[in-house]
Amino acid sequence: MQVDAILGYLDKVSRFDSQQFTPLFIGSERMGYVNAQWKERLLQHESALFEENYLGVSCRLDGSYRSISHALAQAARRWQQAGWLNGWRNENFTAFRQDGRPYFELERAAFRPLGLTSRAVHVNGLCRMADGEVRMWVGRRSPHKAVDPNRMDNLVGGGVAAGETLGLALQREGWEEAGITQDKLHGLQPATLLLAQRPVARGLHREWLYAYDLWLAPGEAPACQDGEVAEHVLLPLDEVEQLLLAERFMIDAALVSMDCLCRLGYWRESTAVVETALTRVRHALGRDEAILA
């Protein structure tokens, strides 16, 4: 066990200079953060929609969920045509108000440039062997994936699309990525809630990670249905730790796996130290509506 190295990795993937980002307001709600490049783009090329004031960058849009979504969708298409957006998915995420109400939806490729907060479901696949040892199912992403090919992932992990509940997203992703049937996931509750935040090439990654624990019986193996996962492997926990330290995991999956190892007491007498460090990204379930500073 290498606790100091784990703590160093957690620092690396969860600390960043927030002063490099400007708060983004839509109406009276602080919804995201933009870096210097996107701030300039919005103010120079989208001045009909965005302005700068003492709060940061503000979007003038007001109105219904539908009208705001439509106006921002048109803007996102302009950004795509200008070559500013890559990874267009034709899939929308929902942006929520601070009180938890849906505010608008937008193409997921535009979420990071605006620093909007998305939601994702992740499943730790766990198995207790005949001798009592706990192992973890880890997925290796397809080498053909546009994002993070061949990186290690949780048993299941994927974004919650606009209009989806957490339960529906969990069932959809569970089947597509691991062939897990609905009956195994129905009623499963999140074990923890993590907030992933870090600068990325397109802007600021901000995502609520709903992490679930699913125990599979020995001999019960996942099977990807959509080709996005090249293989699943059942690993001893010390090998999971080594993959974390080698930075083989996707970062969000690494946070989820690290949290799970901690809850399992993997670091023994040092577990409390890791618990304290994880408070930086852990949040109380049911409080994800807050758009945190």
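Residues numbered from 1 in each chain as written. Predicted model: local features only at pLDDT ≥ 70, side-chain atom pairs only at ≥ 80, totals over all residues. Heavy atoms only, no water.

Draft legend 1. Broad picture of the pattern of salt bridges. With the rule as written, the count across this model stands at 22 salt bridges. A salt bridge links Glu29 to Arg97, with the nearest nitrogen and oxygen atoms 3.5 Å apart. Linking Glu29 in strand β2 (residues 29-34) with Arg97 in the loop between β5 (92-96) and β6 (102-107), this pair joins segments that are 68 residues apart in sequence. Residue classification places Arg97 among the buried positions, given a relative accessible area of 17%. (Salt bridge = Lys/Arg side-chain N within 4 Å of Asp/Glu carboxyl O. Helix = DSSP H or I, 4+ residues; strand = E, 2+ residues; numbered from the N terminus. Buried < 20%, exposed > 50% of the residue type's maximum accessible area, 1.4 Å probe, protein only.)

Draft legend 2. Looking closely at the packing of helix α1 (residues 3-14) against helix α9 (residues 271-278). Contact pair α1 / α9: the axes reach a minimum separation of 11 Å and the direction vectors enclose 5°. Considering their axes alone, α1 and α9 lie roughly parallel with respect to each other. Of the residues in α9, those touching α1 at Val3, Leu7 and Leu10 are Val273, Val274, Ala277 and Leu278. (Axes fitted to C-alpha atoms, helices over the stretch in contact; angles between N-to-C directions. Parallel < 35°, antiparallel > 145°, perpendicular 65-115°, else oblique. Contact = heavy atoms within 4.5 Å.)

Draft legend 3. Structural detail: the environment of Gly167. The residue Gly167 is located in helix α5 (residues 166-178) in this model. We classify Gly167 as partly exposed; its relative accessible area is 36%. For the pair formed by Gly167 and His144, sequence separation is 23 residues and the distance between their alpha carbons is 28 Å.

Draft legend 4. Spotlight on the sheet that holds strand β3 (residues 50-53). Read across the sheet, 4 strands follow the order β2-β1-β4-β3 without closing on themselves; strand pairing throughout is mixed. Looking at which strands have only one partner, the edges of the open sheet turn out to be β2 and β3. Going across the sheet, the axis of each strand differs from the next one's by a mean of 30°, ignoring polarity. Two elements, strand β1 (residues 22-26) and strand β4 (residues 56-59), share 3 bridges in a ladder whose sense is parallel. Note that in β4 the partner of Leu24 across the bridge is Val57. Its contacts with the sheet put helix α2 (residues 36-45) on β1, β2, β3 and β4, and the angle it makes with β3 is roughly 115°. (Pairing = 2+ DSSP bridges.)

Draft legend 5. Quick look at the nonpolar core. Counting residues in hydrophobic clusters, the biggest one holds 37 residues, and the most contacted among them are Met136, Phe249, Leu261 and Trp267. For this core, the secondary-structure elements that each account for two or more residues are α1, β7 (117-128), β8 (134-141), β11 (192-200), β12 (203-215), α7 (237-245), α8 (251-263) and α9. If one sorts the elements of this core by residue count, α8 sits on top with 8 residues. Residues within four places of Leu261 in sequence aside, it is in contact with Met136, Leu237, Val240, Leu244, Tyr266 and Trp267. (Core = buried A, V, L, I, M, F, W, Y, C linked by side-chain atoms within 4.5 Å.)

Draft legend 6. Focus on the pairing of strand β10 (residues 156-159). Here β10 shows no split at all, with Val156 and Gly158 on one side and Gly157 and Gly159 on the other all buried. Strand direction decides the pairing type here: β7 and β10, joined by 4 bridges, are antiparallel. Paired with Val121 across the bridge in β10 is Gly158.

Draft legend 7. Up close: the domain arrangement of the protein. Taken domain by domain, the protein comprises domain 1 (3-15 + 118-283) and domain 2 (22-114). Taking only C-alpha atoms, the centre of domain 1 and the centre of domain 2 are 29 Å apart. Contact with domain 1, which involves 14 residues of that partner, is made by 15 residues of domain 2. Carbon and sulfur atoms make up 48% of the area that domain 1 and domain 2 hide from each other, which totals about 1300 Å². For Glu207, the salt bridge identified is with Arg112, shortest N-O distance 3.1 Å. Where domain 1 packs against domain 2, one counts 8 residue pairs in polar contact (both at pLDDT 80 or more). When residues of the side of domain 1 that touches domain 2 are traced back to their parent elements, those giving at least two are β7 and β12. (Domains from an automatic or database assignment. Buried area = accessible area lost by both parts, 1.4 Å probe. Polar contact = N/O pair within 3.5 Å; in protein donor to acceptor, adjacent residues only side chain to side chain.)

Draft legend 8. α9, seen in detail. Where α9 is concerned, the buried positions are Thr271, Val274, Ala277 and Leu278. For α9, the angular spread of the buried residues around the axis is 125°, confining them to a single face. Looking at α9, the residues exposed on the side facing more than 90 degrees away from the buried face are Ala272 and Thr276. Where the residues of α9 are buried, they touch α1, α8 and β14 (282-283). (Arc of directions from axis to C-beta.)

Draft legend 9. Looking closely at α8. Counted at 1.5 Å a residue, the expected span for α8 with its 13 residues is 18 Å, and the 18 Å between its end C-alpha atoms agrees. Most of α8 sits inside the fold, with 11 of its 13 residues counted as buried. Listed in full, the buried residues belonging to α8 are Asp252, Ala253, Ala254, Leu255, Val256, Ser257, Met258, Asp259, Cys260, Leu261 and Cys262. (Expected span 1.5 Å × (residues − 1).)

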